[in-house]
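Now for the letters of each chain:
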Amino acid sequence: MSLNIYGQQLDSRFLIGSALYPSPHVMKQAILASGSQVVTLSLKRQNPNEQSGQQIWQYLQEVVTEVNGHLLPNTAGCKTAKEAVTLAKMSREIFKTDWLKLEVIGDDYNLQPDPIELLSAAEQLIADGFKVLPYCTDDLVLCQRLYDLGCQVIMPWASPIGTGKGLMNPYNLETIRLRLPEATLILDAGIGKPSDACLAMEMGYDGVLLNSAVALADNPVLMAKAFSQALLAGEQGYLAGIMQQRQTAHPSTPTLDTPFWHQNS
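Quick look at the structure, then.

The rules we used
Residues numbered from 1 in each chain as written. Predicted model: local features only at pLDDT ≥ 70, side-chain atom pairs only at ≥ 80, totals over all residues. Heavy atoms only, no water. Axes fitted to C-alpha atoms, helices over the stretch in contact; angles between N-to-C directions. Helix = DSSP H or I, 4+ residues; strand = E, 2+ residues; numbered from the N terminus. Parallel < 35°, antiparallel > 145°, perpendicular 65-115°, else oblique. Left-handed = near helix turned anticlockwise from the far one by under 90°. Contact = heavy atoms within 4.5 Å. Nonpolar A, V, L, I, M, F, W, Y, C, P; charged D, E, K, R; others polar. Core = buried A, V, L, I, M, F, W, Y, C linked by side-chain atoms within 4.5 Å. Buried < 20%, exposed > 50% of the residue type's maximum accessible area, 1.4 Å probe, protein only. Expected span 1.5 Å × (residues − 1). Arc of directions from axis to C-beta. Polar contact = N/O pair within 3.5 Å; in protein donor to acceptor, adjacent residues only side chain to side chain. Pairing = 2+ DSSP bridges. Right-handed = clockwise from strand over helix to strand, strands pointing away. Salt bridge = Lys/Arg side-chain N within 4 Å of Asp/Glu carboxyl O.

Points about the packing of helix α4 (residues 115-127) against helix α5 (residues 140-149)
Phase 1: It is the contact of α4 with α5, at a shortest axis distance of 10 Å, that shows an interaxial angle of 15 degrees. The angle between the axes of α4 and α5 places the two elements in the roughly parallel class. Once α4 is placed against α5, the crossing between them reads as right-handed. Across from P115, L118, L119, A122, E123 and I126 in α4, the residues of α5 making contact are L142, R145, L146 and L149.
Phase 2: Taken together, the residues of the contact of α4 with α5 sort by class into 8 nonpolar, no polar and 2 charged.

Regarding the environment of T65
Phase 1: Relative to the helices and strands, T65 resides in helix α2 (residues 51-66).
Phase 2: Residues T65 and R177, spaced 112 residues apart in sequence, show a C-alpha to C-alpha distance of 32 Å.

Re the nonpolar core
One broad trend across soluble globular proteins is that nonpolar side chains are buried collectively.
Phase 1: Within the largest apolar cluster, 72 residues are counted, with the highest numbers of intra-cluster contacts made by I5, L102, L187, V208 and V214.
Phase 2: Ignoring any residue separated from it by four or fewer positions in sequence, one finds L102 in contact with T75, A84, L118, A121, A122, L125, V132, L133, P134 and Y135.

Considerations on α4
Phase 1: With 13 residues, α4 should cover 18 Å at 1.5 Å per step; its first-to-last C-alpha distance of 18 Å lies within 8% of that length.
Phase 2: On the buried face of α4, the contacting elements are α3 (81-95), β6 (99-102), β7 (131-136) and α5.
Phase 3: In the segment just after α4, G129 is the residue with positive phi, at about 95 degrees.

Describing helix α1 (residues 24-34)
One turn of the α-helix equals 3.6 residues, which is why residues spaced by three or four share an orientation.
Phase 1: Turning to α1, its buried residues are V26, M27, A30, I31 and S34. The buried side chains of α1 occupy one side of the element, clustering within an arc of 135 degrees when seen end-on.
Phase 2: Immediately downstream of α1, the backbone of G35 shows phi near 75 degrees, a positive value.

Some points on unusual backbone geometry
Phase 1: Backbone geometry places L20, a non-glycine residue, at a positive phi of 75 degrees.
Phase 2: For L20, the location among the structural elements is in the loop between β3 (14-17) and α1.
Phase 3: A relative accessible area of 52% places L20 in the exposed class.
Phase 4: A positive phi angle, close to 55 degrees, is found at N68, a residue other than glycine.
Phase 5: Secondary-structure assignment places N68 in the loop between α2 and β5 (70-74).

As for the side chain of D188
Phase 1: By the element assignment, D188 lies in strand β9 (residues 184-188).
Phase 2: Among the residues examined, D188 registers a relative accessible area of 3% and is labelled buried.
Phase 3: Only 3.0 Å separates the side chain of D188 from the side chain of K101, close enough to count as a polar contact.
Phase 4: Among residues more than four places away in sequence, those in contact with D188 are K101, Y135, M155, P156, W157, A158 and L209.

Considering the packing of α5 against helix α6 (residues 170-179)
Phase 1: Closest axis-to-axis distance for the α5/α6 pair is 10 Å, and the angle between their directions is 35 degrees. The hand of the α5/α6 crossing is right-handed. Contact residues: α5 offers L140, C143 and Q144, while α6 offers T175, I176 and R179.
Phase 2: Split by residue class, the contact of α5 with α6 holds 3 nonpolar, 2 polar and 1 charged.

Comments concerning the pairing of strand β4 (residues 38-42)
Phase 1: In terms of burial, β4 is largely enclosed, as 5 of its 5 residues are buried.
Phase 2: Relative to β4, β3 is paired through 3 bridges, and the arrangement is parallel. Across the sheet, G17 pairs through a bridge with T40, a residue of β4.
Phase 3: Regarding topology, α1 serves as the crossover connection from β3 to the parallel β4, and that connection is right-handed.
Phase 4: Bridge count for β4 against β5 is 5 bridges, and the pairing is parallel. By the bridge assignment for β5, S42 is matched with N74.

Here we look at the pattern of salt bridges
Phase 1: Within the structure shown, the criterion is met by 9 salt bridges.
Phase 2: Of the charged contacts, one joins E235 and R13 as a salt bridge, the two residues approaching to 3.1 Å between their closest N and O atoms. One end of the pair, E235, is in helix α9 (residues 220-240); the other, R13, is in the loop between β2 (8-10) and β3, and 222 residues separate them in sequence. Here the two residues E235 and R13 agree in accessibility, since each one is buried.
Phase 3: The closest approach of N and O atoms between K101 and D188, which form a salt bridge, is 3.0 Å. Of this pair, K101 sits in strand β6 while D188 sits in strand β9, and the two are 87 residues apart along the sequence. Considered together, K101 and D188 belong to a single accessibility category, that of buried residues.
Phase 4: Each of K101, E103 and D188 takes part in a single network of salt bridges with overlapping partners.

As structure tokens, then:
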């Protein structure tokens, strides 16, 4: 099944970042191996007036065109709604897209989003025509508020950015999925291994966004492929219907009241 992001149907449920790779070539090969059609990039971490910044953006544009995908600029590094809104408008002008991964960081220690500034920025950007994909914590009320504002896509974290700790609060994530059945939910940040992504998909999440787990792997290209396969396995497991857990053991080959075929000699 396809992933729906603001009316755009995508074949892949894997969204991938473009930072931290050992080289642009490895980055490109990892993106291709992932099968992703959405690649994130940060405007704040590159100076558009520098030749190196322009080159990496042009390179990313070529990669995204090759996979028939989309660039997803983000506001990484912003700490206020005003700063995020200003950067968002710059990114729309430069990249010619109204898609935006909205980040407004409230704490430098764990890079936790500031819920108040995040809501303020989201409200302003939606009013200005942006298609906002907010990065937030696994707080149900915050996710509900963002959805009510008009964010069709919500991206709660699994754990703090770049930690690789995986899904720290499965109950919170499951509750968000249960309470926001119509929202497109993409797990973002903190994923460390393919099994984390598989678990998210088994919960019914619509996709996964990650960067460090692939870029910092010993073999980023192979890891990107592993994640793409894990996402598919998790999605198929969810669609197949996972059996309910039981408190007691049950034999898998019961004999009582089980029909057998007997051939008369």
